Amino acid sequence: MGEKAEPVATVVASTSDHKEPKSIWIRIQETIWDGPRSEDERKLVQKLDLFVMSWATFGYFVRLLDSANITNAYVSGMKEDLNVQGNEYNLFTTLFTCGYLVGQIPSQFLLTKIRPSIYLPVVEFLWTIVTFCFAGVQSTRAVLGMRFLLGMLESPYAVGVLTLMGSWYTPRELSKRIAIFYSASYAASMFSGYLQAAIYRGLNGTAGLPGWRWLFIFCGIISIWSPLWGLYAIPDNPYTGRARWMSDEERSKHAARMASIDRRKPVPLTLAKVRRVFTHWPLYVFTFTLIFHCVATQPLNFFAVWLKSLNRFSVYEVNVLPTAGQAVGLVTTLLYGWLSDGLNRRWEILIIPATFNFVGMVLVAANANYGATFVGYLLNGASWGFWPVLYSWAIEIMHKDMEERAIVIGVAQTFGQAFIAWWTAVLLDVGKYAPSFHIGYSVMCGISVLQFSSIFLVRHFARREEVLDLQRGVDPETSDADSNRDDKAASPR
């Protein structure tokens, strides 16, 4: 680590060394963005944001657009045109999730072998082709097969981006950027609703195609730009990256930034390392936490189904009204990310969405009246921001080992999606339990309590590991995930 000392000093020089007066705009940026930093580092990170965040956020937007549009298609004529019966709608979600499960863990291992700048754009391009194919589907059997394929192709993206971001951003930068990345999911769901509503009004019947088929065509046209931009924008990692937009000097500075917080250079994945990861607590604790979170945030996906069942709204309104839940999720997710980074708090901020989740679950499970249930769905949207802060915390706790971060994120996401698959098929069966889903939502109230409790489980293990590091004589200033922050507390909170 000694050989990195000089570049680190160059990159992360204290702002106290700067004698020039700062403009009002710079001071505002420091307050609401990443805190005080040298002008050199500020420009370095801004350039990184321009390429990495633009690609990651737009790519996640189209990934969620291409997977979530099945709901808008279903309520806009697909159900009638393809004669969707019984639990087939649930199977659309279940088969997508099964494909996601099949692809996710192998994909994370592939990411340690294949450059992300090649691997991720290729799978983006392939899922775009599948999205176009949905416009010509003629049977529910074909939809089921293509949903499985779509899930498998989309599985590398989110976990791949999280792994990539953990290799480039420091703790004071990470949570808000993951929140921005994740907020694309709300934007995609909202946009899909607005897009389908507009298509239903303007293109339904054009060229002999119903509006829901035009939705898939437009989604494909929007999606094709992400893999093209990704081929140029993705920088791999600071130690081996070959992005054409980044100079060797800039790459060295980024490597120094990571060295200053003990984010280490990737090493070949060995059997011994895999064994160590599978005997270390983060794999299991974060997996359980994400399972609880994934299950407890499912109601928002059934908001449109509940509204359609009331028989009081038009097709246009059924597509537009659920975007209120997505809007709440968008605002609160960004708020949690800013608070988490700005206040240097992880577990304390996680309590907020976990509380919203429980209150919302109780309201939708009770289904007392239209107003209370509507508010319950909105509160469920306000709880989705748990995910970015949790992953920021996980990346900080596992800051020394990129391969462990990749495996843990992949396994946690896989098991979370696995539980969604059987949970929606069994307890949220639209054919049996819509519109109230009383049994499933009642059980999920208990799952919400487990999600809340898991925050303190992670906190316990993180603090225990810090104590063990101190007993082994490891300097907390270099081992702690928050060592780059102004807060003097040793453990990542």
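Just so we're clear, the structure is a prediction, and the values are computed from it rather than from any experiment. (Residues numbered from 1 in each chain as written. Predicted model: local features only at pLDDT ≥ 70, side-chain atom pairs only at ≥ 80, totals over all residues. Heavy atoms only, no water.)

Enquirer: I'd like to hear about the packing of helix α12 (residues 281-296) against helix α19 (residues 402-426), residue by residue, with values.
Expert: Between α12 and α19, the shortest axis-to-axis distance is 8 Å and the interhelical angle comes to 35 degrees. Both α12 and α19 take part in a crossing whose hand is right-handed. Every residue of α19 that contacts α12 at Pro282, Leu283, Phe286, Thr287, Leu290, Ile291, Cys294 and Val295 is listed here: Glu404, Ile407, Val408, Val411, Ala412, Gln413, Phe415, Gly416, Phe419, Ile420 and Trp423. Counted by class, the contact of α12 with α19 contains 15 nonpolar, three polar and one charged residues. (Axes fitted to C-alpha atoms, helices over the stretch in contact; angles between N-to-C directions. Helix = DSSP H or I, 4+ residues; strand = E, 2+ residues; numbered from the N terminus. Left-handed = near helix turned anticlockwise from the far one by under 90°. Contact = heavy atoms within 4.5 Å. Nonpolar A, V, L, I, M, F, W, Y, C, P; charged D, E, K, R; others polar.)

Enquirer: Provide a residue-level description of the nonpolar core, including the pertinent values.
Expert: Formed by 126 residues in total, the largest nonpolar core has its most connected members in Trp55, Tyr169, Phe181 and Tyr441. Once residues within four sequence positions are removed from consideration, Phe181 is found in contact with Met53, Ala56, Thr57, Tyr60, Tyr157, Ala158, Val161, Leu162, Met165 and Trp387. (Core = buried A, V, L, I, M, F, W, Y, C linked by side-chain atoms within 4.5 Å. Buried < 20%, exposed > 50% of the residue type's maximum accessible area, 1.4 Å probe, protein only.)

Enquirer: Can you break down unusual backbone geometry residue by residue, with the values?
Expert: Notably, Asn83 is not glycine yet its phi reads approximately 55 degrees, a positive angle. Here Asn83 shows up in the loop between α3 (39-81) and α4 (88-111). Even without being glycine, Asp236 reaches a positive phi, approximately 60 degrees. Mapping Asp236 onto the fold places it in the loop between α9 (225-233) and α10 (248-260).

Enquirer: Quick one: what's the story with the pattern of salt bridges, residue by residue and with numbers?
Expert: Following the criterion strictly, the structure yields 17 salt bridges and no others. Here Glu39 ties to Arg42 by a salt bridge, and the two come within 2.2 Å at their closest N and O atoms. Of this pair, Glu39 and Arg42 both sit in helix α3, three residues apart, roughly one helical turn. Relative accessible area serves as the criterion here: at 18%, Arg42 is assigned to the buried category. When the shortest N-O distance is used, the salt bridge between Glu41 and Arg172 registers 3.5 Å. Pair noted here: Glu41 is in helix α3 and Arg172 is in helix α7 (residues 171-202), with a separation of 131 residues, a long-range link. Ionic contacts of the salt-bridge type, sharing partners, join the residues Glu41, Arg172, Glu173 and Arg257 into one network. (Salt bridge = Lys/Arg side-chain N within 4 Å of Asp/Glu carboxyl O.)

Enquirer: Please give an account of the packing of aromatic side chains that cites residues and values.
Expert: Within the structure shown, the criterion is met by 28 aromatic pairs. Centre to centre, the rings of Phe134 and Phe216 are 5.1 Å apart; their planes meet at 20 degrees, and the pair counts as stacked. Here the residue Phe134 occupies a position in helix α5 (residues 116-134), and Phe216 occupies one in helix α8 (residues 211-223), the gap between them amounting to 82 residues. Across this residue pair, the class does not change: Phe134 and Phe216 are buried. (Phe/Tyr/Trp six-rings, centres within 6.5 Å; stacked < 30°, edge-to-face > 60°.)

Enquirer: Can you break down helix α15 (residues 323-342) residue by residue, with the values?
Expert: Side chains that are three or four residues apart share a direction in an α-helix, a result of its 3.6 residues per turn. Helix length check: α15, at 20 residues, gives a terminal C-alpha distance of 28 Å against a target of 28 Å (1.5 Å per residue), a fit within 8%. Residues of α15 that are buried include every one of Thr323, Gly325, Gln326, Gly329, Thr332, Thr333, Tyr336, Gly337, Ser340 and Asp341, and no others. Just beyond α15, the residue with positive phi is Asn344, at close to 55 degrees. (Expected span 1.5 Å × (residues − 1).)

Enquirer: I'd like a description of helix α16 (residues 347-366), backed by residues and values.
Expert: For α16, with 20 residues, the first-to-last C-alpha span of 29 Å sits near the 28 Å given by 1.5 Å per residue. Listing the buried residues of α16 in full gives Trp347, Ile349, Leu350, Pro353, Ala354, Asn357, Gly360, Met361, Val364 and Ala365. Buried residues of α16, seen end-on, are gathered within an arc of 145 degrees and therefore sit on one face of the element. Against α12, α15, α17 (370-382), α18 (386-397) and α21 (438-471) lie the buried residues of α16. (Arc of directions from axis to C-beta.)

Enquirer: Can you tell me about the environment of Glu348, naming the residues and giving the values?
Expert: Within the element layout of this structure, Glu348 appears in helix α16. As a C-alpha pair, Glu348 and Phe456 span 108 residues in sequence and 9.7 Å in three-dimensional space. Separated by 3.4 Å, the side chains of Glu348 and Arg345 make a polar contact. (Polar contact = N/O pair within 3.5 Å; in protein donor to acceptor, adjacent residues only side chain to side chain.)

Enquirer: So what's going on with a nonpolar patch on the surface? Which residues, and what values?
Expert: Among the surface-exposed residues, Leu110, Ile114, Ile118, Val122, Phe125, Leu126 and Ile129 lie close enough to one another that they form a single nonpolar patch of about 550 Å² accessible area. When residues in the nonpolar patch are grouped by element, the largest group, five residues, is from α5. Position of Phe125 among the secondary structure elements: in helix α5. (Patch = residues over 30% accessible without salt bridge, like charges linked within 9 Å, V, L, I, M, F, W, Y side chains within 5 Å. Areas by Shrake-Rupley, 256 points an atom, 1.4 Å probe, with all protein chains shown as cover.)

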